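Overview (structure and organization)
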Amino acid sequence: MREHGFPAATAGTMNSVIIVIGIPLGFAVPVVAARMRDQRPLVLAVAALMVLGLGGLLLAPGAGWLWTAVFGIATGSAFPLALTLLNLRSPTAAITARLSGMAQSGGYLLAATGPLTFGLLHTATGGWHASIWLLLLLVVPELVCGLAAARPGLLRPAEPVVTSAAPLS
């Protein structure tokens with residue numbers, strides 16, 4: 001937003017607004033998702049809002065407050081929806097814990113690369129457009145995984161593999 005003429009304080013406030021919008025959504029989205037039999041429409045709506053918000057920042061940055069609000073709704077809904085889907089698709093608390101541990105470990109590891117990646121892209125290109133395009137590209141796997149996770153039904157745990165080993169002599 002600074003590159004498009006917004007003062008530093010305004011750009012910082014826009015960033016804060018994205019986060020603040022997520023607070024009530026962190027409470028509302030899980031309740032709405034839990035009441036739905038099929039959460040795929042919710043996943044589609046969140047992905048569409050992400051594309052709209054990011055696309056707006058690229059194509060019409062002068063309307064930054066609008067795109068900030070749209071993107072804030074999208075990101076503020078995506079994370080609680082993802083956590084809710086882990087719970088809704090697990091038949092037991094133990095499976096929820098295992099699935100959550102796996103998903104969050106991988107997710108946070110991937111997210112940790114974001115600041116470095118976007119900083120390098122900014123340095124290489126001299127602007128933020130490449131980073132926004134990368135975020136738009138990342139909506140695709142987010143949508144694919146979200147739609148798969150939002151299908152109605154419960155996960156079926158894999159049967160443990162039992163091997164019989166010969167005793168060591």
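Our subject is the structure that appears above.
These numbers were taken from a predicted model, which means no experiment stands behind them. (Residues numbered from 1 in each chain as written. Predicted model: local features only at pLDDT ≥ 70, side-chain atom pairs only at ≥ 80, totals over all residues. Heavy atoms only, no water.)

The secondary structure content of the protein amounts to six helices and zero strands. Its helices and strands taken in sequence order, the protein reads α-α-α-α-α-α from the N to the C terminus. Here the protein has a C-alpha radius of gyration of 20 Å; the compact-globule value for 169 residues is 15 Å, and the former is much larger. In terms of overall dimensions, the protein has C-alpha extents of about 75 × 45 × 25 Å along its principal axes. The buried share among the 169 residues of the protein stands at 30%. Expressed as a percentage of contacts within the protein between residues at least 6 apart in sequence, the contacts between residues at least 24 apart total 74%. (Helix = DSSP H or I, 4+ residues; strand = E, 2+ residues; numbered from the N terminus. Rg over C-alpha atoms; globule rule 2.2 N^0.38 Å. Buried < 20%, exposed > 50% of the residue type's maximum accessible area, 1.4 Å probe, protein only. Contact = heavy atoms within 4.5 Å.)

Across the interface, helix α3 (residues 64-88) lies against helix α4 (residues 93-112) with an axial gap of 9 Å and an inter-helix angle of 150°. The orientation of α3 with respect to α4, classified from their angle, is roughly antiparallel. Mapping the contact onto sequence places F79, L83, L86 and N87 in α3 and T96, L99, S100, A103, Q104 and Y108 in α4. Partitioned by chemical class, the residues of the contact of α3 with α4 number six nonpolar, four polar and no charged. (Axes fitted to C-alpha atoms, helices over the stretch in contact; angles between N-to-C directions. Parallel < 35°, antiparallel > 145°, perpendicular 65-115°, else oblique. Nonpolar A, V, L, I, M, F, W, Y, C, P; charged D, E, K, R; others polar.)

On to the nonpolar core. In this structure, M50, L54 and L81 are the most contacted members of the largest nonpolar core, which totals 22 residues. Breaking this core down by element, the ones donating at least two residues are α1 (8-35), α2 (40-59), α3 and α6 (129-149). In contact with L54, other than residues within four places in its own chain, are F71, I132, L135, L136 and V139. (Core = buried A, V, L, I, M, F, W, Y, C linked by side-chain atoms within 4.5 Å.)

Now for α6. Along its 21 residues, α6 runs 30 Å from first to last C-alpha, staying within 8% of the 30 Å computed at 1.5 Å per residue. Taken residue by residue, α6 has S131, I132, L136, V139 and G146 as its buried positions. Buried residues in α6 make contact with α2, α3 and α5 (114-125). (Expected span 1.5 Å × (residues − 1).)

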